[in-house]
Amino acid sequence: MIKRLNPEHFYADPYHTFVIAEAGSNWKSGSYEDDLKRSNELIKTAAKAGADAIKFQTFRADTVYAHGAGISKYLSDHGINDNINKIFEHLSMPYEMIPQLSDMCKKENILFMSTPFSVEDAKQIDPHVQIHKVASYEINHVRLLEFLASTKKPILISTGASTYTEIDFALGIMKNSGNNLLAIMQCTSKYPCPVSALNLSVIPQMKIKYNLPVGLSDHSTNPVVAPLTAVGLGATIIEKHFTLDRTLPGPDHSFSLIPEELELMVKSIRDADTAKGNGKKEILNEEIELHEYATRSLQAIKNISKGSILEEGINFAVLRPGNRIRGLDARFLSLVNGKKAKKDIMTGDGITEFFD
């Protein structure tokens, strides 16, 4: 059975980072059957790595870019010189594929997600997803935001190449529609993104400003640096592109993680979640033995008879007790010094009782 999420908490759990393995356009292979086969391989890879969700993209070329939008410099720098309209037409996912991908995800017990780029796209995917995602460049897409808000499902909003003004606008639409199941994703719209441009310190700032869960949509190539730094700064969602093979043709493969890197990322994030502990400063079970053995206490440095005056440096000192009877904690030194021993104490044992 596919896992079901509590929409109030899944993206805000400080002890389990919600990991989205972003397939992007990396599912595109050739024929419809080839595309399904690669998609299934990607789904199985994400599930095996331990990701919580795998995310695709759903769009139609004629509802994304204006006619004759031209060639993208970013893509041409990566050897892709086709008109952007043609690229989007080639990479557009057939709507009939969406339920098939959803079923594949159910079999692998991983959540299916897909980012819509238009209202019609969103209508097609809505019956098959528990969570919606707004891409960075759609943060001002009024009609799409309004429809997604109306679904009352959790919505993750990427914030690449945006300002607080634009984030405020998007959140305002959601909240005015009565949808408060929101999270925002720090993102830098550069592919790949250099480490110097990640700007991760904005994560705690956005958490304070919006009082919402914050995540990271990461386009850097290192599998652990940005995700672990983000988790350490309070991110509870990590999204990262992955592929089966970085040498495959297509715009997203070159900066995507390969399967073993995706596994390393997820494992590192899970270890980071575990390392957070319970947030209480206390002596842990793992520390008790050495706390008793090595933390300083008040120990006799010669035999002390009952009624003798306890004098620091003369008959007792602040020492680590080891396996001897542990005395009072060293912080009680001023209370004990100059008082009388309540019982006989052997050299090495601790002072546990005293008379005024």
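Here is what the cut-offs are and how they apply
- Residues numbered from 1 in each chain as written.
- Predicted model: local features only at pLDDT ≥ 70, side-chain atom pairs only at ≥ 80, totals over all residues.
- Heavy atoms only, no water.
- Buried < 20%, exposed > 50% of the residue type's maximum accessible area, 1.4 Å probe, protein only.
- Helix = DSSP H or I, 4+ residues; strand = E, 2+ residues; numbered from the N terminus.
- Pairing = 2+ DSSP bridges.
- Expected span 1.5 Å × (residues − 1).
- Contact = heavy atoms within 4.5 Å.
- Disulfide = S-S within 2.5 Å.
- Axes fitted to C-alpha atoms, helices over the stretch in contact; angles between N-to-C directions.
- Parallel < 35°, antiparallel > 145°, perpendicular 65-115°, else oblique.
- Left-handed = near helix turned anticlockwise from the far one by under 90°.
- Nonpolar A, V, L, I, M, F, W, Y, C, P; charged D, E, K, R; others polar.
- Right-handed = clockwise from strand over helix to strand, strands pointing away.

A.B. asks: How do you make sense of the pairing of strand E1 (residues 18–24) when you look at a structure like this?
C.D. replies: Buried residues dominate E1, accounting for 7 of its 7 residues. What you see with E1 is no split at all: Phe18, Ile20, Glu22 and Gly24 on one side and Val19, Ala21 and Ala23 on the other are buried throughout. Bridge count between E1 and strand E8 (residues 237–241): 5 bridges; the pairing is parallel. Within the sheet, the bridge partner assigned to Phe18 lies in E8 and is Ile237. Sheet topology note: the E1/strand E2 (residues 53–58) ladder contains 4 bridges and is parallel.

A.B. asks: When you look at helix H1 (residues 32–49) in this model, what are you seeing that I'm missing?
C.D. replies: One turn of an α-helix holds 3.6 residues; hence residues three or four places apart share an orientation. For H1, spanning 18 residues, the distance from its first C-alpha to its last is 26 Å, which sits close to the expected 26 Å at 1.5 Å a residue. Regarding H1, the residues found buried are Asp35, Leu36, Arg38, Ser39, Leu42, Ile43, Thr45, Ala46 and Ala49. For H1, the secondary structure elements touched by its buried residues are E1, E2, helix H4 (97–108) and helix H10 (259–275). Phi turns positive, to about 95°, at Gly50, one or two residues after H1.

A.B. asks: How should I be thinking about unusual backbone geometry in this particular structure?
C.D. replies: Both trends apply: most residues other than glycine have a negative phi, and most peptide bonds are in trans. Cis rather than trans, the peptide bond between Tyr191 and Pro192 has omega equal to -5°. Along the chain, the position of Pro192 falls in the loop between strand E6 (182–187) and helix H8 (202–210). Residues other than glycine seldom take positive phi values, yet Asn199 does so here, at roughly 55°. Topologically, Asn199 is positioned in the loop between E6 and H8. When its relative accessible area of 47% is taken as the criterion, Asn199 is described as partly exposed. Its identity as a non-glycine residue notwithstanding, Asn211 has a phi of 50°, on the positive side. Summarising the element assignment, Asn211 is placed in the loop between H8 and strand E7 (214–218). With a relative accessible area of 69%, Asn211 lands in the exposed category.

A.B. asks: Would you mind going over the state of the cysteines with me for this structure?
C.D. replies: Simply put, the disulfide is a covalent bond whose two ends are the sulfur atoms of two cysteines. Tallying each qualifying case throughout the model produces 0 disulfides. With no disulfide of its own, Cys193 has Cys187 as its nearest cysteine by sulfur position, at a separation of 7.9 Å. Note on Cys193: relative accessible area 5%, which makes it buried.

A.B. asks: Where do I start with the packing of helix H7 (residues 164–176) against H8 in this structure?
C.D. replies: Helix-helix packing is characterised by the crossing angle of the two axes and by the distance between the axes. Contact geometry of H7 with H8 gives a least axis separation of 13 Å together with a crossing angle of 45°. In terms of orientation, H7 lies oblique with respect to H8. For H7 against H8, the interelement crossing comes out right-handed. Here H7 contributes Tyr164, Ile167, Asp168 and Leu171 to the contact with H8, which in turn contributes Val202, Gln205, Met206, Lys209 and Tyr210. Within the contact of H7 with H8, the residues separate by chemical class into 6 nonpolar, 1 polar and 2 charged.

A.B. asks: Before we go on, may I ask you to explain the pairing of strand E5 (residues 155–158) in this structure?
C.D. replies: Covered by surrounding structure in E5 are Ile155 and Ile157 together with Leu156 and Ser158, the residues of both alternating faces. Between the parallel pair strand E4 (residues 132–134) and E5, the chain is carried across by helix H6 (residues 142–150), and the sense of this crossover is right-handed. Sheet analysis places E5 next to E6, joined by 4 bridges and oriented parallel. Bridge pairing in E6 links Ser158 to Met185. The handedness of the E5 to E6 crossover, carried by H7, is right-handed.

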